[in-house]
Amino acid sequence: MDKKYLQLLAKEFPNIDSAASEIVNLSAIRSLPKGTEYFFSDMHGEYEAFLHMLKSASGMIKIKIDLTLGKTVSSAEREALAALIYYPDKEQKRLKKAGILDDEWRRLTIYRLILVLEAVSAKYTRSRVRKRIPQDMVYILDELLNVTDDVIKEYYYDEIITTILDTGIADHFINELCKVIQSLAIDSLHIIGDIFDRGPRADIILNELMKMHDVDIQWGNHDISWMGAASGNRALIANVIRISMRYNNFDILEDGYGLNLRALAVFAGEVYKDDDCALFMPQTLDDNIYDPVDTKLVAKMHKAITIIQLKLESQLIKRHPEWEMDGRDVFGNIDPVNGSVELNGVRYELLDKNFPTVSREDPLALTDEENELMTVLTNSFMHSEKLAEHMRFLYSNGSMYKTINGNLLFHGCIPMDENGKPLSLTIEGEQYSGKAMLDKLDEVANKAYFLHPCDEKENSADMLWYLWCGPNSPLYGKDKMAFFERYFIEDKSTHTENYNAYYHFSEQADVCRFILRMFGLDPDRGHIINGHVPVRIKNGESPVKAGGKLFVIDGGISKAYQKATGIAGYTLIYDSHSLNLAQHQPFIAGESEHTPTLSMVERLERRANISDTDKGAELLGKIDDLRELLKAYRSGTIKQKQGRRPNGNCII
Ligand SMILES: O=P(O)(O)OC[C@H]1O[C@](O)(COP(=O)(O)O)[C@@H](O)[C@@H]1O
Ligand SMILES: [Mn+2]
């Protein structure tokens, strides 16, 4: 082994004792049960429902409460304890008002919470639990959790709880205990894309995700659209604003990201003064709390930004003939004077014929005012600190796909032709397909955001628009995005969007096995986990496909899609025994009981330990390195130093 590397390692483990004891530690960690992984997708800004899923660990905390206290505590009290764990601040305030918060309640509650904490932390190392506990509580909780003698334990508990009550810190202590339970219940979190759009506050979801210890994101088409907007792509800036207007979402833009929409309001109010913009009335799923805007004005803003988007999209399509998207150059084929468009050789009359900013000679050109407006909006996007912070997080914790613990995670599809062969895409002049396509697109996505202004940055950001809606985009996976047709054309046959052949082929286990192998995974053990396509349970569809090789977990957390799916989302939960699906019912704020229906989709042949996970393989690599270091110390190739390892040995 490289001597330089061993010398670096020797700085951390300066002698035989410290290296050997680290080997023992790591080996012990590898033999613990694997932590519980949670998979979510398609949250689409529904922060209240999603936060509830996080806080309750999608029903797993309630299960632990029932297992621990089911025999001695009534079901109403167990439910109340669950509500306290999920919303400790709010619940304590409510109980105080109701006059329930006395010392007896506090004593009982602390005792019960410690039992639940014991249950959720049972499979973690002591050091890992300590890391999740706030500094001022580490000592007390460590003591409480680790007394083993039952007689001493009872006495000890009483003593410590009495002191907590005497010193007046009980309410704070209860609060923190609840948060530690929440935090330990979810070991790692995988988000299979589409955090943004439709629902009210994707920014609040991101704030919450940024607090989690171990989270990864596989970008969805809606996330990439925001990433492209934040990279300065004007078509995508128009797109994210259009979708916000369509759902009457001002709070995320103005309150969440401080993006100023005044210029758009003024422009739309003037240009569409005498137009009621009836086709553009917003759908209101949730009221704006901070920025209520008159819906008639929203409709004007919605139309104004849609027209700009359509012009910019046609410009993009013309700039990139390699995308072969001429068929989507709708504004290139519009007759703004008599109000019609030609699509695939058929001329359609438009439902709205008022186009004050579109000229017959050059329908794709922005007017000076539109151009100015886009400059203002672009500046606003480029200067939002909060948006930049969220985007950096999406980049640092996100990617086009992820392989983890034998599974393959991506939002949309691996684009395929009618014969099930991976389709290729021209990127930077070269053809890519399958895994290589996703790897290349990951690189392009990074260049779009992180390069300084230059042609390469701009072309990369253009590619993010393609990823949003292009026919061979692995994040989109449909032949077209028919939003123009849905606004402007009555004939519903033009509204149809056809899914890529992947969605048909991936129902076959053999195809999934082929894809898993393409990503270097074991097809016997692995699964593909996708979002993007709402699973219509009420029409008899199942999220478990291809004989259990593929899970599609878009169950409609998004309110806009709950009518179609019949439920309110899924969580896939992968613990050391099995893979389970939690099926959620619509979330109603203020109601505490939202325990989902759990069903097991696969039982593991034997309990999985950390040694069976990617982390376990990483630790094994470390153990091998340390063994080499031991050899080097014993042979004298590297000299030992006295002293201990600088910062303890809390690897996991
Ligand atoms: O229902 P909405 O919000 O108008 O969105 C419809 C559009 O969203 C899409 O379904 C893409 O969004 P998803 O990735 O959430 O499916 C398009 O195919 C479709 O044109
Ligand atoms: Mn999607």
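The structure displayed is predicted, hence computed values, not measured ones.

## Focus: the overall build of the protein
Consideration 1: In terms of regular secondary structure, the protein is built from 26 helices and 17 strands.
Consideration 2: In terms of overall dimensions, the protein has C-alpha extents of about 90 × 70 × 45 Å along its principal axes.
Consideration 3: Residues classed as buried in the protein amount to 43% of the 652 residues present.
Consideration 4: Sequence separation of 24 or more characterises 71% of the internal contacts of the protein that already satisfy a separation of 6 or more.

## Concerning the nonpolar core
Soluble globular proteins tend to pack their nonpolar side chains together in the buried interior.
Consideration 1: Counting 155 residues, the largest nonpolar core has Ile 181, Met 227, Leu 264, Ala 304, Leu 464, Leu 467 and Leu 572 as its most contacted members.
Consideration 2: Considering each element in turn, this core owes the most residues, 11 residues, to helix H17 (residues 295–319).
Consideration 3: For this core, the domains that each give at least three residues are domain 2 (55–190 + 543–585) and domain 3 (226–384).
Consideration 4: Among the nonpolar cores identified, the runner-up in size contains 8 residues, and Leu 9, Ala 10, Leu 626 and Tyr 633 belong to it.

## A short note on the site of ligand 1
Consideration 1: Every residue close to ligand 1 is listed here: Asp 194, Arg 198, Asn 221, His 222, Lys 478, Met 481, Ala 482, Phe 483, Glu 497, His 532 and Ala 560.
Consideration 2: A breakdown of the residues in the shell around ligand 1 according to their chemical character gives 4 nonpolar, 3 polar and 4 charged.

## Some details on the sheet that holds strand E6 (residues 346–349)
Consideration 1: Read across the sheet, 3 strands follow the order E4-E5-E6 without closing on themselves; strand pairing throughout is antiparallel. Here the strands that pair on one side only, and so sit at the sheet edges, are strand E4 (334–335) and E6.
Consideration 2: Where E4 meets strand E5 (residues 340–343), 2 bridges bridge the pair, whose relative direction is antiparallel. In the strand pairing of E5, Asp 335 is matched with Ser 340.

## Topic: the packing of helix H13 (residues 221–230) against helix H21 (residues 455–469)
Consideration 1: At their nearest, the axes of H13 and H21 sit 8 Å apart, and the two run at 155° to each other. Accordingly, the angle class assigned to the pair H13 and H21 is roughly antiparallel. Classified by chirality, the crossing of H21 by H13 is left-handed. Residue-level contacts link Asn 221, Ile 224, Ser 225, Met 227 and Gly 228 of H13 to Ala 461, Leu 464, Trp 465, Leu 467 and Trp 468 of H21.
Consideration 2: Residue classes in the contact of H13 with H21 are distributed as 7 nonpolar, 3 polar and no charged.

## A word on the domain arrangement of the protein
By convention, interface size is frequently given as the accessible area that disappears when the constituent parts associate.
Consideration 1: Taken domain by domain, the protein holds domain 1 (3–32 + 611–635), domain 2 (55–190 + 543–585) and domain 3 (226–384).
Consideration 2: Look at where the C-alpha atoms of domain 2 and domain 3 centre, and you get two points 46 Å apart.

## Focus: the environment of Gly 556
Consideration 1: Among the secondary structure elements, Gly 556 is positioned in the loop between strand E14 (550–552) and helix H25 (559–565).
Consideration 2: For the pair Gly 556 and Gly 569, spaced 13 residues apart in sequence, the C-alpha separation works out to 4.6 Å.

## Some words on the environment of Asp 286
Consideration 1: Here Asp 286 lies in the loop between helix H16 (262–271) and H17.
Consideration 2: Since 18 C-beta atoms lie within 10 Å of it, Asp 286 is described here as partly exposed.

## Here we look at the environment of Gly 477
Consideration 1: Mapped onto the elements, Gly 477 comes out in the loop between H21 and helix H22 (483–488).
Consideration 2: Looking at Gly 477, the number of C-beta atoms within 10 Å reads 26, which means it is buried.
Consideration 3: Taking C-alpha positions, Gly 477 is 6.1 Å from Cys 413, a pair spaced 64 residues apart along the chain.

## With respect to unusual backbone geometry
Consideration 1: Positive phi outside glycine occurs at Asp 194, with the angle close to 65°.
Consideration 2: In this structure, Asp 194 sits in the loop between strand E2 (188–191) and helix H12 (202–209).
Consideration 3: Within the chain, Cys 277 stands out as a residue other than glycine whose phi angle is a positive 50°.
Consideration 4: Its location among the elements puts Cys 277 in the loop between H16 and H17.

## Notes on helix H6 (residues 88–97)
Consideration 1: For H6, the full list of buried residues reads Pro 88, Glu 91 and Gln 92. The arc that holds the buried residues of H6, viewed along the axis, is 100°, so those residues lie on one side. The exposed set on the far side of H6, more than 90 degrees from its buried face, consists of Asp 89, Lys 90, Lys 93 and Lys 97.
Consideration 2: Contact partners of the buried residues in H6: helix H5 (75–86) and helix H11 (170–185).
Consideration 3: Gly 99 occupies a position one or two residues after H6 and carries a positive phi of about 70°.

## Looking at the sheet that holds E2
Consideration 1: With mixed pairing, the 7 strands of this open sheet are ordered in space as E7-E3-E2-E1-E15-E16-E17. A strand with exactly one partner marks an edge of an open sheet, and here the two such strands are strand E7 (398–399) and strand E17 (597–603).
Consideration 2: Across 3 bridges, strand E1 (residues 37–40) lies against strand E15 (residues 570–574) in antiparallel orientation. Across the sheet, the residue bridging to Glu 37 is Tyr 574, located in E15.
Consideration 3: In the packing of helix H19 (residues 385–397) onto the sheet, the strands contacted are strand E3 (215–218) and E7, and the crossing angle to E3 comes to about 90°.

## With respect to the pairing of E1
Consideration 1: Side chains of E1 alternate between two faces, with Glu 37 and Phe 39 and Tyr 38 and Phe 40 buried alike.
Consideration 2: Pairing between E1 and E2: 4 bridges, direction parallel. Paired with Tyr 38 across the bridge in E2 is Leu 189.

## Considering the confidence of the model for the protein
A low pLDDT score tells you not to read the predicted coordinates there in detail.
Consideration 1: When the pLDDT values of the protein are averaged, the result is 92; 97% of them are 70 or greater.
Consideration 2: Confidence over residues 648–652 falls short of pLDDT 50; this stretch has 10 contacts with residues more than four positions distant or in other chains.
Consideration 3: Under the prediction, the complex receives an ipTM of 0.97, its pTM being 0.93.

## Remarks on the packing of helix H7 (residues 103–121) against H11
Each pair of packed helices can be described by the angle between their axes along with the distance between the axes.
Consideration 1: Running from amino to carboxyl end, H7 crosses H11 at an angle of 20°, the nearest separation of the two axes being 10 Å. Of the possible angle classes, the one that applies to H7 and H11 is roughly parallel. The interaxial crossing formed by H7 with H11 has left-handed handedness. Contacts from Arg 106, Thr 109, Ile 110, Leu 113, Val 116, Leu 117, Val 120 and Ser 121 in H7 reach Ala 170, Phe 173, Ile 174, Leu 177, Cys 178, Val 180, Ile 181, Leu 184 and Ala 185 in H11.
Consideration 2: Looking at the contact of H7 with H11 residue by residue, the classes come out as 14 nonpolar, 2 polar and 1 charged.

## A few points about H13
Three or four residues apart is the spacing at which side chains of an α-helix point the same way, because the helix has 3.6 residues per turn.
Consideration 1: Burial analysis of H13 places 10 of its 10 residues in the buried class, the great majority of the element.
Consideration 2: Residues Asn 221, His 222, Asp 223, Ile 224, Ser 225, Trp 226, Met 227, Gly 228, Ala 229 and Ala 230 constitute the buried set of H13.
Consideration 3: Contacts from the buried residues of H13 go to helix H14 (234–246), helix H18 (368–383), H19, helix H20 (434–450) and H21.
Consideration 4: Directly beyond the C-terminal end of H13, a positive phi value near 105° is found at Gly 232.

## With respect to the pairing of strand E16 (residues 578–583)
Consideration 1: For E16, the buried fraction is high: 5 of the 6 residues fall into the buried class.
Consideration 2: In terms of strand pairing, E15 meets E16 through 5 bridges, oriented antiparallel. The residue bridging Ile 573 from the neighbouring strand is Asn 580, located in E16.
Consideration 3: In textbook terms, the turn of a hairpin is the stretch between consecutive antiparallel strands, and for E15 and E16 this stretch comprises 3 residues.

Rules behind the numbers
- Position numbers for residues count from 1 along each chain, tracking the sequence in the order it is written.
- Note on labels: chains are lettered from A, ligands numbered from 1, in written order.
- Whole-chain, interface and lining totals are the exception, using all residues; otherwise, since this is a predicted model, local features are given only for residues with pLDDT of at least 70 and side-chain atom pairs are given and counted only at 80 or more.
- Each helix is a run of H or I in the DSSP string that is no shorter than four residues. Each strand is a run of E no shorter than two, and both are numbered from the N terminus.
- Any residue whose C-beta has 12 or fewer other C-beta atoms within 10 Å is treated as exposed, any with 20 or more as buried, and any in between as partly exposed, C-beta atoms being built from the backbone.
- Residues are defined as contacting one another if the C-beta atoms placed from their backbone atoms lie within 7 Å.
- For our purposes the nonpolar core covers buried Ala, Val, Leu, Ile, Met, Phe, Trp, Tyr and Cys residues that link as a set through C-beta atoms within 7 Å.
- Residue ranges labeled as domains rest on an automatic or database domain assignment.
- Proximity of a residue to a molecule or strand is defined by its backbone-placed C-beta atom lying within 6 Å of that partner.
- Basically, the charged four are Asp, Glu, Lys and Arg, the nonpolar ten are Ala, Val, Leu, Ile, Met, Phe, Trp, Tyr, Cys and Pro, and anything else, Gly included, counts as polar.
- Being paired, for any two strands, means DSSP has found at least two bridges between them.
- Simply put, an axis is a line fit to the C-alpha atoms, just over the touching stretch for a helix, and the angle between two N-to-C directions goes from 0 to 180 degrees.
- An angle below 35 degrees is treated as roughly parallel, one above 145 as roughly antiparallel, one from 65 to 115 as roughly perpendicular, and anything else as oblique.
- Helix crossings get a hand from a simple test, with the near helix turned counterclockwise from the far one by less than a right angle marking a left-handed crossing and a clockwise turn marking a right-handed one.
- An arc is given here, and it is the one of the directions from the helix axis to the C-beta atoms.
- Each residue carries a pLDDT score, the predictor's confidence in it, ranging from 0 to 100.

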